[in-house]
Amino acid sequence: MEILGGQDVVIVGAGPRGTSVMERLLARHAATAESTRDARNAAAPPRPLHIHLVDPFPPGAGHVWRTGQSRLYLMNTQSFFPTLIPDQGVAAAPLAGCSFNDWRGAMRAEPDATLSGADRTELATLAATGFPSRALYGRYLSWCFARLLEKLPRGAQVTVHADEAKRVARDHERGGFAVELLGGESLRADSVVLALGHVESRLSPAQRELRDDARAHGLAYLPPAVPNDVDWTQLPAGDTVLVRGMGLNFFDVLGQLTEGRGGRFEPTGRGPGDALAYLASGREPVIVGASRRGTPYRAKAELDSYYPAGVELRFLCEDAVTRIHDMGATAGFDHDIWPLLHRDALWAYYTTLARTSPGAVSPGFLPGLDALLHAGLDGEARDWAEKLKVLEARHVEAGRALDLPALARPLSRQPLRPGGKHRFASQAELDDAVLAYLSDDAAGSARGEDDPVKMAIGALNAGRAVIKSLVADHGITQESWLGELRGWFEGFVEGLASGPPALRVEQLAALVRAGVVHFAGPDPVFRIQGGLFTASSPWVADQPWHARHLVEALAPANRIQGTASRLLNNLQADGLVRPRVMLASDGGPVVTSGLDVSAPPYRPLDGVGRPVEGLYVLGLQLSSVQWGTAIAAQANAEYRSGYRTVLDADAIAADILA
């Protein structure tokens, strides 16, 4: 339905980002209506607004946060973190809704009729510092969407289309766009917002080859997918299952193949690191985890805040950020940014170590360290890293110095065996080493602000928030983005700071002790030999693992050129969008993962490089101009990057309604 004289906006994607744009449109529309009312006929009423939301999945929750999924799928942030509704940085006040944590409190006090029995059970024990299930977060998103519909301002209308958009084309006759849906309907739009979120991707050449070979040998290859989309019953009890990737999706796989099959964890009473024992149901497969590191992501520290309260960024601070920004996109990550963040991580580690283990450092070490770190900044000590090693050797207890590369690859500390070829004589020896790492990591998480390693990681995580704003403000060169930030730092910091709740690492340790989970070793090599998948590691002097099943524990790749999305492929074919191309350090062009867009509000550039008026992009497809696009908006955010998604949605709404 088209409103005569009105404005029609189509939002493609009705998950949290699409709903956020809707919320901002309605809030700004309401503010305009109120201002005209206050003017007492000084201006005409606001132009009618009709918002169309297009998504085959329910609005609010969308695809990833569906309310019917397993409760074993947890969020990666605590209850106090996420919000759909802005609490700062916007001019137009929200019409309805609240943060997830406020909703959690309200639903505990007075449960909404839409809550399921599972929702109520989870809410009864969920604390502000707890990690909600994705299903419960989806219920919150759905609730916010419903509240917004209840508070529609005068002159505004919302229509939900439970369908997939397959093409957005310019309407040369009437102006604006025509949005074609898979079911045959065509929507006329003055403006279109692409808030697509996770979309299907094509397999890489190596993955396609492995899949095709697997089919030829009658093997089961499970490609990258949203975990809730996978039928886990196809992996038989007792069979060996290789799982490639030990990031966040790895823990989703573990949950479905253990607790999801009737196994249970029980307290041991032995404290952090050995707090749980696993009682098997007998329906579990034998799970073999594999990744380049050889170990899973480190667990999050148990904290009352997202960033440690005791960590202060003294070097990558606001003044430093201003200086870097004033360089005008000439800053390099390795040269200008990492040296500052490295210092912050060192200071967080050693101040915590000195406070919690006074005997681990000599008196006077911290003043000397402080002087050295600042001297290096002024160029008076270009060799400050070498001087740091000397200072640590003199004043830090053996084995207690901070070694950031070893934190990211903990098995690298394992000595080479005689002959110098392998670090582990057997798979069992490797499992023991990974178990020791898991137990130590879980114990460190339980210490929270009193663990030096976790506080160093906390500094890196806080610095990441600062870097996100620098990237979005074009504060880094293209070659540094490609070769440094994305080249090494992204994987490094994700493995340290983007890990699962500590509970998941405790559970994994219990599964290893129970013989349910094993590991392949660092730098694994996957092949099909003798009619079976094999996984071997150059670190392990033992026979490879053999299996009939291989799971890619990865989210679908977020690459514009590798997408399986009908809509994105049609937009590229029609010349309305194009991927962004950057120049590497050798001057060669590199096609990046995201769309080429204008400055905010982000409009895609067409095939000849012109911004497409009336077409906007929000979310994952901005990965070539923003860093870390997947995380939700943060309630009461300390850093601007924490509510960047809300600011982007607000800028889009302002431009549409201008």
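Per chain, the residues get numbers from 1 upward, laid out in the order the sequence is written. Totals for whole chains, interfaces and linings use every residue, but because this is a predicted model, local features are given only for residues with pLDDT of at least 70 and side-chain atom pairs only at 80 or more, for both listing and counting. Think of the side-chain values as coming from all heavy atoms in the structure, minus any hydrogens and water.

**Student:** Describe the overall build of the protein, and please don't skip the residues or the numbers.
**Tutor:** Looking only at helices and strands, one finds 17 helices and 20 strands in the protein. Its C-alpha atoms give the protein a radius of gyration of 26 Å, within 12% of the compact-globule value 26 Å for 658 residues. Taken over the C-alpha atoms alone, the protein extends approximately 85 × 65 × 60 Å along its principal axes. Relative to its full complement of 658 residues, the protein shows a buried share of 54%. Numbering of helices and strands starts at the N terminus; helices are DSSP runs of H or I of at least 4 residues and strands are runs of E of at least 2. Just to be clear, the radius of gyration here is over C-alpha atoms, and the globule rule we use is 2.2 Å times residues to the power 0.38. Summary of the burial criterion: residues with accessible area below 20% of their type's maximum are buried, those above 50% are exposed, and those between are partly exposed, where the area comes from a 1.4 Å probe applied to protein chains only.

**Student:** Got a sec to walk through the side chain of threonine 563? Specific residues and values, please.
**Tutor:** Along the chain, threonine 563 falls in the loop between β17 (549-552) and α16 (566-573). Here a polar contact is taken to be a pair of N or O atoms separated by no more than 3.5 Å, where protein atoms must pair a possible hydrogen donor with a possible acceptor and residues adjacent in sequence count only if both atoms sit in side chains. Side-chain polar atoms of threonine 563 contact the backbone nitrogen of serine 565, separated by 3.0 Å. Once residues lying within four places of it in the same chain are set aside, the contact partners of threonine 563 are Val199, Glu200, Ser201, Arg202, Leu568, Asn569 and Gln572. The criterion used for residue contact is that any of the two residues' heavy atoms lie within 4.5 Å.

**Student:** Which residues make up helix α10 (residues 384-395), and what are the values?
**Tutor:** In this model, α10 (12 residues) spans 16 Å end to end at C-alpha, consistent with the 16 Å of a helix rising 1.5 Å per residue. Taken residue by residue, α10 has Trp384, Leu388, Leu391 and Glu392 as its buried positions. Each buried residue of α10 lies within a common arc of 100 degrees when the element is viewed along its axis, so the set occupies one face. Exposed and facing more than 90 degrees away from the buried side of α10 are Lys389, Ala393 and Arg394. A helix is expected to span 1.5 Å multiplied by its residue count minus one. The arc in question is the one traced by the directions running from the helix axis out to the C-beta atoms.

**Student:** Tell me what's going on with the pattern of salt bridges, and back it up with residues and numbers.
**Tutor:** By definition here, a salt bridge exists when the distance from a side-chain nitrogen of Lys or Arg to a carboxyl oxygen of Asp or Glu is within 4 Å. Going through the model one piece at a time under the given rule, you end up with 34 salt bridges. Close ionic contact of glutamate 164 with arginine 566 constitutes a salt bridge, the shortest N to O distance being 3.0 Å. Note that glutamate 164 is positioned in the loop between β3 (156-161) and β4 (165-170) and arginine 566 in helix α16, a separation of 402 residues in sequence. With a shortest N-O distance of 3.2 Å, aspartate 523 and arginine 409 are connected by a salt bridge. In this pair, aspartate 523 sits in the loop between β13 (517-519) and β14 (525-529) while arginine 409 sits in the loop between α11 (404-408) and α12 (427-447), placing the two residues 114 residues apart along the sequence. A relative accessible area of 30% means that aspartate 523 is categorised as partly exposed. On the accessibility criterion, arginine 409 (28% relative accessible area) is partly exposed.

**Student:** Could you give an account of helix α6 (residues 248-257), with specific residues and numbers?
**Tutor:** Counting buried positions along α6 gives 9 out of 10 residues, so the element sits mostly inside the fold. Among the residues of α6, those classed as buried are Asn249, Phe250, Phe251, Asp252, Val253, Leu254, Gly255, Gln256 and Leu257. Buried-residue contacts for α6 involve α4 (134-150), β9 (240-244), β12 (286-290), α15 (502-513), β13 and β17.

**Student:** Describe the sheet that holds strand β2 (residues 49-54), listing the residues and the values that go with them.
**Tutor:** One open sheet accounts for 5 strands, arranged β3-β2-β1-β7-β20; its pairing is parallel. The two strands at the open ends of the sheet, each matched to only one other strand, are β3 and β20 (615-617). Neighbour to neighbour, the strand axes of the sheet diverge by 20 degrees on average, direction disregarded. Whether two strands pair comes down to DSSP finding at least two bridges between them. In the sheet, strand β1 (residues 7-12) pairs with strand β7 (residues 191-194) via 4 bridges, with the strands oriented parallel. Axes here mean lines fitted to C-alpha atoms, for a helix over just the part in contact, with angles spanning 0 to 180 degrees between N-to-C directions.

**Student:** Report on the state of the cysteines, specifying residues and quantitative values.
**Tutor:** By definition, a disulfide links the sulfur atoms of two cysteines through a covalent bond. For this text, the term disulfide refers to a pair of cysteine sulfurs within 2.5 Å. Considering all chains together, one arrives at 0 disulfides under this definition. Counting only cysteine sulfurs, cysteine 98 is the nearest neighbor of cysteine 144, a cysteine outside any disulfide, at a range of 5.7 Å. Here cysteine 144 falls in the buried class, since its relative accessible area comes to 0%.

**Student:** Which residues make up the sheet that holds β14, and what values do they have?
**Tutor:** Read from one edge to the other, the open sheet built from 3 strands follows the order β14-β15-β16, with strand pairing classed as antiparallel. Each edge of the open sheet carries a strand with a single partner, namely β14 and β16 (545-547). Across the sheet, the mean angle from the axis of one strand to that of its neighbour is 25 degrees, orientation sign disregarded. Of the strand pairs in this sheet, β14 and strand β15 (residues 532-536) are connected by 5 bridges, and their pairing is antiparallel. Bridge pairing links isoleucine 528 to phenylalanine 533 in β15.

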